[in-house]
Every structure is written in C-alpha cells, then in structure tokens.
Amino acid sequence: MKKLLSLKLFMILAALTFMTACNDDDNPGNTWTGTTIGNLVKVDDATYYIDTFKGNKLYVSNYSDLVNNKIEAGSRVYCAFLIESENPKGSTYQYNIRIYQCIPLTVKEPTHLTPENAEELGNDRINLLYAWSGDKYIDIQFQIQATGNITHTVNLVTVDEPEQEKEGYKYLELRHNANSDYALENYNGMMSFDITKILAEEPNLKGFLIKVPYQNGVKYVEVAYESAKADIEPITPQLTCL
C-alpha cells in the first residue's frame, strides 16, 4: 500500500492521515478503474464489502489484504480499486472489486461553536477541495499548509448566528487550527463527519452552506445532500491521487 505521511496527529478526535504522491508500484498494470468512500462491512469471515456513499455495495475479493493490514470492519475508508466484474442487475453486490489502496478515515461529529472553544477550534486558512454528502455523512477532501511537525485540527462547526442563509440548507463553518505552525508545504487530507444529529433535527434538509477560509479569502460553498440511495451508475475509470 501507498506510503503515508502522518503529521503527528495523535489527538483522539483530530487524527488526520495525509497521502503522498501516487505510486505505480502499488497498481500492477497501471489500470486503476475507480475510487470511492464508504464503510467497510463484514458479513462473515470470508465476505466483506464496501457500502459506498453512492449507495453501491462493492464486494471485496481480496478481503484478506484488508484484514492483514488491520483495517477493521465498520471503518469508513477511502479506496482505490480495480473492477473485476459487474454483476447482473438486482444482485446483492453491484461490482466485484480488488482493492489496491485502502485508507481508514477519521470520523467526527460537527462541533457547536462557543466562546469557550473558539480559540481551540481556530480559524486558520484551509482549502476545501471537494465535499460530498449522502447517507449520514459529509466527506471532505482538503488542503492545508504545514511543516509536518505540529499537530493540526480540522472541524466542521455549527453556530448560533449564521452569516448567510439559504432555504433548506444548514449553515456550517470549516475550522482549522494550525497551532501556530508555519505554512511551509501543502498537505492534502480526507475525513468524514457524522451528521446523524443534524438529519434528525432537519429531516427535509436539502444541503449545507459551508463557510471556508480559503488561502485566497473566505467563500461560502454549497453542498447538496443526497437523501436517497443513488441509482447504480457505471464507475468512471480514473485514478484519483489525493
């Protein structure tokens, strides 16, 4: 599996994993066909699948590799894989896949912003590269600038007084605390936020309006919420290098 670069993130709720450039040695034949984010589900000792954020169930043929690398069932993961076969419509699993990279993601709940925790949450610059929302999660890919020697934290927060509003959208803020680290190099990361409580409070939610302190200034990003399981769609052949 691909070499990982960890930024000494040992705080229980704030551990982030950062990935280095893609390594073709991890991909025999250089024929990547897809990437996804989802939960690793164990049916029995010989049956594992990825329940993706799109609602697909991807049967993992090389489940033993995940077990040997101590990736536990129930983990939320980012995976890159080869599609070995597509199953007939109506099958339990839409695709059979062979995973070549599987990265467990940190999962947190959004935090409510208060005067007491504002300094701890920080408001340092961060670039939101991508965001997806479906099922009970918001999954984000982000970029921060760091030396690689100091712990950073990233959170989504709710607030009492939203700066902007849109009907049907929940206002959130992306908060980054660099802990006075120097902005030396760019590091990319991914993480997930469990939005179960927000969905219980707002069952007709259409999406999220997220305030992001980008490197070039503050922007407000709309992220639609996919409440229903998505129709099965072909997976576009590509290599996503994060």
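Our subject is the structure that appears above.
Residues numbered from 1 in each chain as written. Predicted model: local features only at pLDDT ≥ 70, side-chain atom pairs only at ≥ 80, totals over all residues. Heavy atoms only, no water.

Undergrad: Summarise the overall build of the protein chain; cite the residues concerned and give the values.
TA: The helix and strand tally for the protein chain stands at three helices and 16 strands. Sorting the 242 residues of the protein chain into buried and exposed places 48% on the buried side. Within the protein chain, counting contacts between residues at least 6 apart in sequence, those at least 24 apart form 69% of the total. Split by element, the accessible area of the protein chain, about 12600 Å² in all, is 47% carbon and sulfur. (Helix = DSSP H or I, 4+ residues; strand = E, 2+ residues; numbered from the N terminus. Buried < 20%, exposed > 50% of the residue type's maximum accessible area, 1.4 Å probe, protein only. Contact = heavy atoms within 4.5 Å. Areas by Shrake-Rupley, 256 points an atom, 1.4 Å probe, with all protein chains shown as cover.)

Undergrad: Describe in detail the pattern of salt bridges, supporting the description with residues and values.
TA: This structure, assessed with the given rule, holds seven salt bridges. Of the charged contacts, one joins lysine 211 and glutamate 163 as a salt bridge, the two residues approaching to 2.7 Å between their closest N and O atoms. Remark: glutamate 163 occurs in the loop between strand S12 (153-158) and strand S13 (169-177) and lysine 211 occurs in strand S15 (residues 207-214); sequence separation between them is 48 residues. Its relative accessible area of 14% is what places lysine 211 among the buried residues. The class of glutamate 163 is partly exposed, set by a relative accessible area of 44%. (Salt bridge = Lys/Arg side-chain N within 4 Å of Asp/Glu carboxyl O.)

Undergrad: If you had to explain the nonpolar core to someone new, which residues and values would you point to?
TA: Counting residues in hydrophobic clusters, the biggest one holds 24 residues, and the most contacted among them are Ile140, Leu174, Phe208 and Ile210. Elements represented by at least two residues in this core include exactly strand S11 (137-146), S12, S13, strand S14 (185-194), helix H3 (196-201) and S15. If we skip the residues at most four places from it in the chain, leucine 174 touches Ile126, Leu128, Ile140, Val154, Asn155, Leu156, Ile210, Lys211, Val212 and Pro213. If you look at the next biggest cluster of nonpolar residues, it comprises 14 residues, including Val60, Val77, Phe81 and Cys102. (Core = buried A, V, L, I, M, F, W, Y, C linked by side-chain atoms within 4.5 Å.)

Undergrad: Please provide a residue-by-residue account of unusual backbone geometry, values included.
TA: In this model, asparagine 179 sits at a positive phi of 50°, which is unusual for a non-glycine residue. Checked against the element boundaries, asparagine 179 lands in the loop between S13 and S14. Here asparagine 179 falls in the partly exposed class, since its relative accessible area comes to 35%.

Undergrad: Give a description of the sheet that holds S15 that names residues and reports values.
TA: Within the open sheet, the five strands sit side by side as S9-S12-S13-S15-S16. Their pairing is mixed. For this open sheet the edge positions go to strand S9 (111-112) and strand S16 (217-224), each flanked by a neighbour on one side alone. Relative to S16, S15 runs antiparallel, the two being bridged by eight bridges. Note on S16: the bridge partner recorded for tyrosine 214 is glycine 217. (Pairing = 2+ DSSP bridges.)

Without other data, these values stay purely geometric and don't point to any function.
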